[in-house]
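# Reading the structure
One-letter residues, chain by chain:
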Amino acid sequence: GDHSTMLKQVTELVSNESTSLEDATRLVMLFMLRFESNSNSGVRSLINALRKRGGEAEARQVHNLQRFAGVNVRKGDLFKGEGGATSNITGKLFKGLKGVENVYTQHQPLLKLILEDLLRGRLRSNLFPTLGPQYDGKVTTVVVFVIGGVTYEEAYTVYQLNSTLKSQIVLGGTSILNSRAFLDQVEHAFPAQQGANTADL
């Protein structure tokens, strides 16, 4: 969507006291990940809106997420899909949204798109390197292990792929994640330093 319209809407939600601080923080995080590379992203004003609600720790969480998964550390572009691991994902995600009341039911985890590309032989080797000789045959058995953990949605996606495709995908991870568990991991990766603040965001 349009950046300025989205910034206005997110600012209203974040500033609204009826929006929980936890939900407001999640909104700012998603907005930051989507628009952090824009020169006038508005992320700083959203973080200040969190602070006005007493969310100094939440402002630090936004900063930590940017350090953990921001555009400078991740491969590909999660939202535009320009030449990265997520090429054409935006088109795939929004395909068929016309007439759908709840767009959130259309969400597909990135893992699904990666696995589908792998099973169809279209996975880019420069983004997903392999050990040993390149295999050019049809892949039917896949073992996926995610360091950091997997979500219930990803586990369900693997179940669906196993049911619909002629393949056997085994999914494992170091833990089962929800948003709180993920943010706890990010917090442990970047612990708060004594006397530090996030005024530079």
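Residues numbered from 1 in each chain as written. Predicted model: local features only at pLDDT ≥ 70, side-chain atom pairs only at ≥ 80, totals over all residues. Heavy atoms only, no water.

Bringing the side chain of Lys112 into the picture now. If you trace the backbone, Lys112 turns up in helix 6 (residues 110–119). A relative accessible area of 18% places Lys112 in the buried class. (Helix = DSSP H or I, 4+ residues; strand = E, 2+ residues; numbered from the N terminus. Buried < 20%, exposed > 50% of the residue type's maximum accessible area, 1.4 Å probe, protein only.)

Relative orientation of the contacting elements helix 2 (residues 21–35) and helix 3 (residues 43–52) amounts to 170°, with a least axis distance of 10 Å. As judged from the angle between their axes, helix 2 and helix 3 are roughly antiparallel. Residues Leu21, Ala24, Thr25, Val28, Phe31 and Met32 of helix 2 touch helix 3, and the partners they reach there are Val43, Leu46, Ile47 and Leu50. In terms of residue class, the contact of helix 2 with helix 3 is built from nine nonpolar, one polar and no charged. (Axes fitted to C-alpha atoms, helices over the stretch in contact; angles between N-to-C directions. Parallel < 35°, antiparallel > 145°, perpendicular 65-115°, else oblique. Contact = heavy atoms within 4.5 Å. Nonpolar A, V, L, I, M, F, W, Y, C, P; charged D, E, K, R; others polar.)

With that settled, consider the nonpolar core. Side chains of a nonpolar character, in soluble globular proteins, are inclined to be buried together. Ranked by size, the top nonpolar core spans 22 residues in total, and within it Val14, Val28, Phe31, Leu46, Val62 and Leu65 carry the most contacts. Sorting the residues of this core by element identifies helix 1 (3–15), helix 2, helix 3, helix 4 (56–69) and helix 8 (179–189) as the ones contributing at least two each. In terms of residue count, helix 2 provides more of this core than any other element does, seven residues in total. Contact partners of Leu46, with chain neighbours within four places excluded, come to Leu7, Val10, Thr11, Val14, Val28 and Phe31. Counting nine residues, the second-largest nonpolar core is a separate cluster that includes Leu111, Val144, Leu161 and Ile169. (Core = buried A, V, L, I, M, F, W, Y, C linked by side-chain atoms within 4.5 Å.)

This part is about the pattern of salt bridges. Counted by the stated rule, this structure contains seven salt bridges. In this structure, Glu22 and Arg26 form a salt bridge, with 3.1 Å as the shortest nitrogen-oxygen distance. In this pair, Glu22 and Arg26 both sit in helix 2, four residues apart, roughly one turn of the helix. Taking relative accessible area as the criterion, Arg26 reaches 27% and is therefore assigned partly exposed. Between Arg26 and Asp23 there is a salt bridge, and its shortest N-O distance comes to 3.1 Å. Of this pair, Arg26 and Asp23 both sit in helix 2, three residues apart, which is roughly one turn of that helix. Within this structure, Glu22, Asp23, Arg26 and Arg180 form a network of salt bridges that share partners. (Salt bridge = Lys/Arg side-chain N within 4 Å of Asp/Glu carboxyl O.)

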